[in-house]
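Fold and contact review
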Amino acid sequence: MRMSRQQGSAMIITMVVILILAALTAAVMTEVVFHQKETQGALDGDQGMVIARAGLDRARRALFKYRADGSFNTAEPSGEAQWNAILASNAMWTGAVVTPGTIALPGSRYYPNPAATPLEEWIDGVRQNYDAVANTNEFEDYLADPNAAGAGLTPEDPAGDDWATNDFVIFGQCKPFRRGAYHVIVRDNEGEAGEDGDPLTDVDDTIICTVTSIYDDGTGNSVVRQIEARLEYDPPYFTPEKALLSGGDMSLGGGAGLTVNGAAAGVHANGTMTINGAPAIGGTVTQGVSSPAPTPPATYAPSEPIPDIDPAEYADDYPADTYTLRDNGTIVDGFGNPIGSIPGFSWNAAQGRWELSGSPTTHKIYYCETDLRITSAMGGGGGGGKGGKAGGGGAPVAVTVEATFLSAGHIDWSGNYTVTPYAPAGGEVWGITAVAAKDIDMSGTGGALNMEGLIAAGEQIRLQGNVTVLGAVVAENDGNTPPGGIISVPNGMEAGGGPTITYNGGLTTVIEVATTVSIVRIERTYPR
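Basis of the calculations
- Residues numbered from 1 in each chain as written.
- Predicted model: local features only at pLDDT ≥ 70, side-chain atom pairs only at ≥ 80, totals over all residues.
- Heavy atoms only, no water.
- Pairing = 2+ DSSP bridges.
- Helix = DSSP H or I, 4+ residues; strand = E, 2+ residues; numbered from the N terminus.
- Axes fitted to C-alpha atoms, helices over the stretch in contact; angles between N-to-C directions.
- Contact = heavy atoms within 4.5 Å.
- pLDDT = per-residue confidence, 0-100.
- 1 Å grid on protein atoms, 1.4 Å probe; cavity = no way out; pocket = protein on both sides within 12 Å on 5 of 7 lines; lining within 4 Å.
- Points joined across faces, edges and corners; volume = space filled by probe spheres on them.
- Nonpolar A, V, L, I, M, F, W, Y, C, P; charged D, E, K, R; others polar.
- Phe/Tyr/Trp six-rings, centres within 6.5 Å; stacked < 30°, edge-to-face > 60°.
- Buried < 20%, exposed > 50% of the residue type's maximum accessible area, 1.4 Å probe, protein only.
- Lys NZ or Arg CZ within 6 Å of the ring centre and 35° of its normal.
- Polar contact = N/O pair within 3.5 Å; in protein donor to acceptor, adjacent residues only side chain to side chain.

1. Examining the sheet that holds strand 2 (residues 180-188)
Taken in spatial order, the five strands line up as 1-2-3-4-28 in an open sheet, and their pairing is antiparallel. Strand pairing shows two members of the sheet lacking a second neighbour, strand 1 (174-177) and strand 28 (517-526), which therefore form its edges. Averaged over all neighbouring strand pairs, the angle between strand axes comes to 30 degrees, with direction disregarded. Inspection of the sheet shows strand 4 (residues 222-233) paired to strand 28 by eight bridges, in the antiparallel sense. Across the sheet, residue L231 finds its bridge partner in strand 28, namely I519. Those strands touched by helix 3 (residues 119-134) are strand 1, strand 2, strand 3 (206-216), strand 4 and strand 28, and its axis lies near 60 degrees from that of strand 3.

Now the structure itself:
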């Protein structure tokens with residue numbers, strides 16, 4: 001039968017439609033395959049980055065343990081020497097560069113020279129390091145039983161809060177994580193301001209950490225990612241960065257004015273800064289709030305953390321060097337043994353406080369469970385020295401004291417004193433002159449009140465009159481004891497009427513802070 005013209009046209013149209021559908025189907029399948037590969041690539045990247053970040057976190061914690069207490073390696077001293085020991089273990093950086101094909105032993109280490117090793121060679125060396133371990137049963141054994149790991153794969157403590165004794169060796173080798181591993185090396189941040197030119201000695205608490213992650217994608221191909229991070233160690237003790245620091249407001253100037261000088265002559269209030277008159281301030285003047293807007297010369301800067309001011313804690317740290325003045329009028333040593341009286345100190349039962357007039361003959365840490373009021377001795381024109389005695393009347397006698405005064409209440413200090421901080425024998429650090437859990441009021445009357453070290457209050461501080469401080473002054477502003485404590489500063493710090501504060505920075509105190517190894521910067525270095 002001959003096909004009609006209409007039937008022929010219909011067949012042609014049908015074939016065209018089929019061809020179009022086939023083309024669309026092919027395009028859709030191509031798109032699906034493309035997106036599958038794209039998705040798989042993204043998943044590979046995510047998995048690689050997860051492993052790399054895990055390695056970075058492990059390295060950060062290990063570096064902290066090295067620096068903080070040396071518990072990873074008891075044969076090494078803690079502190080800076082620990083980080084230097086890690087850098088020294090990479091001393092092969094100064095020798096021949098490890099080339100591809102030379103790594104063959106399970107658990108072997110690979111320390112590329114970051115300054116000289118091409119990135120491709122670096123990655124290839126880590127891949128061989130990984131393959132050397134992965135080609136044995138060690139990864140499988142580790143995953144099946146972490147407590148029976150082989151060479152180079154020491155497990156994490158089952159409790160999860162620490163590592164096995166020899167697990168500090170995590171640098172320069174592939175460590176298992178999930179179905180892959182990470183490889184960590186660290187180097188000093190040479191070339192930056194503050195470093196010493198020696199790649200094996202850290203002097204600025206900063207380390208550059210490179211983590212290379214690697215795992216098998218299931219087809220025999222290795223997926224590699226690499227990140228680099230800048231890690232900084234926060235010292236365990238509080239070191240003020242400003243001459244005057246207030247956790248609340250701050251009022252400066254008034255009367256004869258105020259002078260703040262030295263290399264670290266900045267002043268900062270986490271609240272509002274008020275300037276009266278024209279105080280001579282040699283550094284920056286900043287406040288931690290943007291509203292109300294700061295009045296020039298003050299500018300805005302983020303709030304600065306202030307550690308908890310707890311004088312009782314510092315007294316407990318050095319019992320052999322501490323006398324405790326109890327709230328019942330008795331005195332004991334740091335172990336609770338009665339010691340009788342101390343020349344210069346007297347108990348004011350009516351006011352419920354301890355008072356000091358003159359200089360204590362024993363250089364110690366004096367911790368008062370009550371308020372403490374200090375006034376210089378009244379003399380008949382004689383000058384003092386250590387142990388200056390009261391005379392028959394007249395002007396205040398200059399008294400020199402080597403001591404640290406701690407109070408669970410307020411400290412009210414006036415007169416003509418020169419004070420340097422007491423340094424306990426064998427103490428780690430000690431730069432504290434006067435610390436009160438509540439307020440501190442200092443005024444130089446009839447002479448000069450010369451203080452050296454840190455003056456810190458848990459609540460408010462006022463400096464007025466002829467007061468000279470060689471050090472830093474910090475008011476935490478943690479509350480305000482009714483009815484305003486012993487001073488009229490309702491919030492923060494007030495300084496004016498003649499004080500001079502000179503601070504050159506670097507004052508390390510015994511006040512502990514929450515120390516850590518911080519990740520300051522992180523970037524992906526492979527693939528870029």
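2. Focus: the environment of Y237
Relative to the elements of secondary structure, Y237 occurs in the loop between strand 4 and strand 5 (244-246). It is 8.0 Å that separates the C-alpha atoms of Y237 and T515, two residues lying 278 residues apart in sequence.

3. Observations concerning the confidence of the model for the protein chain
Looking at the protein chain as a whole, the pLDDT averages 78, with 73% of positions reaching at least 70. The low-confidence segment residues 72-77, where pLDDT is below 50, has 13 contacts with residues more than four positions distant or belonging to other chains. Contacts of residues 149-168 to residues separated by more than four positions or lying in other chains number 47 contacts, the stretch itself having pLDDT below 50.

4. Structural notes on the layout of surface pockets
If you add up the space inside the largest pocket, you get close to 420 Å³. In terms of residue class, the lining of the largest pocket is made up of 10 nonpolar, one polar and two charged.

5. Concerning the packing of aromatic side chains
As enumerated under the stated definition, the model contains seven aromatic pairs in all. Centre to centre, the rings of Y323 and Y366 are 6.0 Å apart; their planes meet at 65 degrees, and the pair counts as edge-to-face. With Y323 in strand 13 (residues 322-325) and Y366 in strand 17 (residues 365-368), this residue pair connects regions lying 43 residues apart in the sequence. A relative accessible area of 16% places Y323 in the buried class. Among the aromatic side chains, those forming a connected cluster through ring pairs are Y323, F345, Y366, F405, W413 and Y417. A cation over a ring is seen here: K364 above Y323, with NZ or CZ 5.2 Å from the ring centre.

6. Re the side chain of T481
Counting through the fold element by element, T481 comes out in the loop between strand 25 (461-475) and strand 26 (493-496). Side-chain polar atoms of T481 contact the side chain of E459, separated by 2.6 Å. With residues up to four places along the chain from it excluded, the contact list for T481 reads H410, K438 and E459.

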